[in-house]
Amino acid sequence: MTDRLSSLWQQRYRTLLPEALAEALTSNPVSQSAVFDALLAHRSVRAYLPDTLPEGTIEAAIAAAQSAASSSNLQCWSVIAVEDPVRRARFAALCGNQEHIATAPVFLVWVADLSRLQRLAIRAGETHEALDYAESFLIATIDTALAAQNAVSALEAAGLGTVYIGGLRNHPEEIAEKLTLPEGCVGLFGLCVGYPDPEKPASIKPRLPQQAVLHREHYDASTEAECIATYDALDDAFQKEQGLPPRRWSETMVRRIATKAGLHGRDTMLASLRALGFRLK
Ligand SMILES: Cc1cc2nc3c(=O)[nH]c(=O)nc-3n(C[C@H](O)[C@H](O)[C@H](O)COP(=O)(O)O)c2cc1C
């Protein structure tokens, strides 16, 4: 387990697991769990075998998703499993021509859903004013993301591959129409699920050094520039290994946020959300 942990750590951070930390992690119940192992081994999979999933896989993944914490137990999310290959091909096109949506046998669409609570209030003859506020929308998006990630963890621990599809938000209204979403629902992201193609294995992508994201007692960005320079170099090395063009992560991110063009047309999101029934007061 220690060798495996060291290897996972090294792949994630591209640095040796420091000796003192290695010792602590060897006897730490969190890092010794099978869940931790599966989480550190995460990588997005974009090449799938066409094989169908064993019966019960979707239901098991959704049980894992529903086991996530939920703000006030409001449970304001829904998920739509799309398996029909013709429909998957349409979603692949709508999400920016992402071929893996057409190849993976299952495409899960994760929906922030305030409509169920609205119907509940209407059936009870009550108002539902709180749903009109940005806070309710935030709750729905947070709950949806937590649920989806639980499903991802369960699926990956079973050897399945997944990749989130933010491209689902390229055309929020068309997606809502295709899925007959009621008012108060928006597709937040998709998730391809299937068996990874062993001919095209995905690798563990390095992340920022922990010092850049882990603060103790108070926020401290004093070593950030150094951390990011280190990360630029190791992310570039990863890119080269993958046969991808060289890049500096920091420059890519700066370009990504410089103008609204980096949002790939999603700068109209607020209008789309309002059109879908979210008032966002
Ligand atoms: C909400 C969300 C949306 C994403 N959307 C896409 C997408 O549309 N297409 C894609 O190929 N990857 C997508 N990804 C995957 C990220 O590119 C990937 O997680 C990131 O590059 C880190 O790589 P890793 O998951 O292999 O560690 C998305 C990830 C998240 C969390």
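Residues numbered from 1 in each chain as written. Predicted model: local features only at pLDDT ≥ 70, side-chain atom pairs only at ≥ 80, totals over all residues. Heavy atoms only, no water.

- The name an unreviewed UniProt entry gives the protein is NADPH-dependent oxidoreductase, with Asaia siamensis as the organism.
- Taken from UniProt, the Sequence similarities (unreviewed entry) comment for the protein reads in full: "Belongs to the flavin oxidoreductase frp family." (UniProt positions renumbered as here; feature names shortened; annotations may be inferred.)

Focus on the packing of helix α4 (residues 57-66) against helix α8 (residues 134-157)
Step number 1: Contact pair α4 / α8: the axes reach a minimum separation of 7 Å and the direction vectors enclose 130°. In terms of axis orientation, α4 runs oblique to α8. With respect to the hand of their crossing, α4 and α8 are arranged in right-handed fashion. Judged by residue contacts, Thr57, Ala61, Ala64 and Ala65 of α4 engage Ala147, Asn150, Ala151, Ala154 and Leu155 from α8.
Step number 2: Its residues assigned to classes, the contact of α4 with α8 comprises 7 nonpolar, 2 polar and no charged. (Axes fitted to C-alpha atoms, helices over the stretch in contact; angles between N-to-C directions. Helix = DSSP H or I, 4+ residues; strand = E, 2+ residues; numbered from the N terminus. Parallel < 35°, antiparallel > 145°, perpendicular 65-115°, else oblique. Left-handed = near helix turned anticlockwise from the far one by under 90°. Contact = heavy atoms within 4.5 Å. Nonpolar A, V, L, I, M, F, W, Y, C, P; charged D, E, K, R; others polar.)

As for helix α1 (residues 2-13)
Step number 1: Its 12 residues place the ends of α1 16 Å apart at the C-alpha level, agreeing with the 16 Å of an ideal helix rising 1.5 Å per residue.
Step number 2: Of all the residues in α1, the buried ones are Leu5, Leu8, Trp9, Arg12 and Tyr13. One side of α1 carries all its buried residues, which in axial view fall inside an arc of 110°.
Step number 3: Contacts from the buried residues of α1 go to α2 (19-26), α3 (34-40), α10 (210-213) and α11 (224-241).
Step number 4: At the C-terminal side of α1, Arg14 shows a positive phi close to 60°. (Expected span 1.5 Å × (residues − 1). Buried < 20%, exposed > 50% of the residue type's maximum accessible area, 1.4 Å probe, protein only. Arc of directions from axis to C-beta.)

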